[in-house]
Amino acid sequence: MSTTRQPADVPARSKRADALRNQQTLLAAAAAVFVTSGVDAPMREIAARAGVGLGTIYRHFPTRADLVVAVYRHQVEACAEAGPTLLADAASPLAALRQWVDHFVDFLVTKHGLANALQSDSGGFEALHTYFLDRLVPVCAQLLDAALNAGEIRPGIGAYELMRGIGNLCIGRDSDPRYDPRRLVELLLQGLQRPQSS
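This section reports on the structure supplied with the text.

What counts, and at which threshold
- Residues numbered from 1 in each chain as written.
- Predicted model: local features only at pLDDT ≥ 70, side-chain atom pairs only at ≥ 80, totals over all residues.
- Heavy atoms only, no water.
- Buried < 20%, exposed > 50% of the residue type's maximum accessible area, 1.4 Å probe, protein only.
- Helix = DSSP H or I, 4+ residues; strand = E, 2+ residues; numbered from the N terminus.
- Arc of directions from axis to C-beta.
- Phe/Tyr/Trp six-rings, centres within 6.5 Å; stacked < 30°, edge-to-face > 60°.
- Lys NZ or Arg CZ within 6 Å of the ring centre and 35° of its normal.
- Axes fitted to C-alpha atoms, helices over the stretch in contact; angles between N-to-C directions.
- Parallel < 35°, antiparallel > 145°, perpendicular 65-115°, else oblique.
- Left-handed = near helix turned anticlockwise from the far one by under 90°.
- Contact = heavy atoms within 4.5 Å.
- Nonpolar A, V, L, I, M, F, W, Y, C, P; charged D, E, K, R; others polar.
- Disulfide = S-S within 2.5 Å.
- Salt bridge = Lys/Arg side-chain N within 4 Å of Asp/Glu carboxyl O.
- Core = buried A, V, L, I, M, F, W, Y, C linked by side-chain atoms within 4.5 Å.
- Expected span 1.5 Å × (residues − 1).
- Bend = angle between axes of the 7 residues up to and from the residue.
- Polar contact = N/O pair within 3.5 Å; in protein donor to acceptor, adjacent residues only side chain to side chain.

### Things to note about helix H2 (residues 43-50)
Residue pairs three or four apart in sequence face the same way in an α-helix, which turns once every 3.6 residues. Turning to H2, its buried residues are Met-43, Ile-46, Ala-47 and Ala-50. Each buried residue of H2 sits inside an arc of 100° when the element is viewed along its axis, so together they form one side. Along H2, exposed side chains directed more than 90 degrees from the buried face belong to Arg-44, Ala-48 and Arg-49. Directly after H2, the chain includes Gly-51, whose backbone phi takes a positive value near 75°.

Structure, rendered in structure tokens:
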């Protein structure tokens, strides 16, 4: 009986994998378009960037709000998944923390329009904000702990506090292109570093 089922299962799995790939491609395309054209960009622009028809977008995301929420979640997941990878691959825990903070600043600066678009639905926005914190605070904490254990940073700063501080430094980037929060974020990270003994 299992031999008759196996061929039927394989195409179903393959179809699910294709659908997931299509969805990931759509989310990446939508994120890129939202950065350049804002969250009100025409769906045609997103479809063209993803190389799909409009029907494909609406099949995955029936409304613009569905797409905006999915892009926001997709970006949070990418930032969350980057933490452990950077910690494993970087030259030091502090280097991993710096690279992750770069990802986090990218998320905050380039995805601000998503949050603004979602704030009209306060209940939905609150749920997404909780999801954002639940996914990213533990990742930041892991990076801070590793850098602390390696003797690279001073003790006493929590992940939420650091993320909140970085978030506050990123406010205003959308309204003033002359303001680059990365310079101030770099000063913040320098202040975290333990002084080198001479």
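Right, picking up where we left off after that structure.
### Structural notes on the packing of aromatic side chains
Within the structure shown, the criterion is met by four aromatic pairs. Note on Trp-100 and Phe-104: the rings are 5.3 Å apart at their centroids and 5° apart in plane angle, and the pair reads as stacked. Here Phe-104 and Trp-100 lie together in helix H5 (residues 93-110), a separation of four residues that amounts to about one turn. In this structure, Trp-100 and Phe-104 share a single accessibility class: buried. Linked through ring pairs, Tyr-72, Trp-100, Phe-104, Phe-107 and Phe-132 together constitute an aromatic cluster. One Lys or Arg, Arg-73, reaches over the ring of Tyr-131 and ends 4.0 Å from the middle of that ring.

### A word on the packing of helix H8 (residues 159-170) against helix H9 (residues 181-192)
Interaxial distance between H8 and H9 falls to 9 Å at its minimum, and their mutual angle equals 155°. Between H8 and H9, the angle falls in the class roughly antiparallel. In terms of crossing hand, the pair formed by H8 and H9 is right-handed. Across the interface between the two elements, Leu-162, Ile-166, Leu-169 and Cys-170 from H8 touch Pro-181, Leu-184, Val-185, Leu-188 and Leu-192 from H9. A per-class count over the contact of H8 with H9 returns nine nonpolar, no polar and no charged.

### A word on the state of the cysteines
Counting across every chain of the model gives zero disulfides. Considering cysteine sulfurs only, Cys-140 is the nearest to Cys-79, which forms no disulfide, with 9.2 Å between them.

### Let's talk about the pattern of salt bridges
By the definition in use, this model includes four salt bridges. The salt bridge involving Arg-135 is made with Glu-77; its shortest N-O contact spans 2.7 Å. With Arg-135 in helix H7 (residues 122-149) and Glu-77 in helix H4 (residues 64-89), the pair connects residues that are 58 residues apart, well separated along the chain. Residue Arg-135 is classed as partly exposed on the basis of its relative accessible area of 28%. In this structure, the salt-bridge partner of Asp-102 is Arg-182, at a minimum N-O distance of 3.6 Å.

### A short note on the nonpolar core
Within the largest apolar cluster, 35 residues are counted, with the highest numbers of intra-cluster contacts made by Trp-100 and Leu-136. Secondary-structure elements contributing two or more residues to this core are H4, H5, H7, H8 and H9. With 10 residues, the single largest contributor to this core is H7. Beyond its immediate chain neighbours, meaning those up to four positions away, Trp-100 contacts Cys-79, Ala-82, Gly-83, Leu-86, Leu-136, Val-139, Cys-140, Leu-143 and Met-163. If you look at the next biggest cluster of nonpolar residues, it comprises 19 residues, including Leu-26, Ala-41, Ala-50 and Ile-57.

### As for H4
For H4, spanning 26 residues, the distance from its first C-alpha to its last is 37 Å, which sits close to the expected 38 Å at 1.5 Å a residue. A bend of about 25° at Gly-83 is the largest found in H4, and the proline Pro-84 appears one to four places after it. Listed in full, the buried residues belonging to H4 are Leu-67, Val-68, Ala-70, Val-71, Tyr-72, Gln-75, Val-76, Cys-79, Ala-80, Ala-82, Gly-83 and Leu-86.

### Some details on the environment of Arg-194
Mapped onto the elements of the fold, Arg-194 is located in the segment after H9. When its relative accessible area of 36% is taken as the criterion, Arg-194 is described as partly exposed. Between the C-alpha atoms of Arg-194 and Ile-153, which are 41 residues apart in sequence, the distance is 4.5 Å. Setting aside residues up to four positions removed in sequence, Arg-194 forms contacts with Leu-148, Gly-151, Glu-152, Ile-153, Arg-154 and Pro-155. Polar side-chain contacts of Arg-194 include one of 3.4 Å to the backbone oxygen of Gly-151.

Bear in mind that shape data such as this cannot, by itself, settle questions of function.
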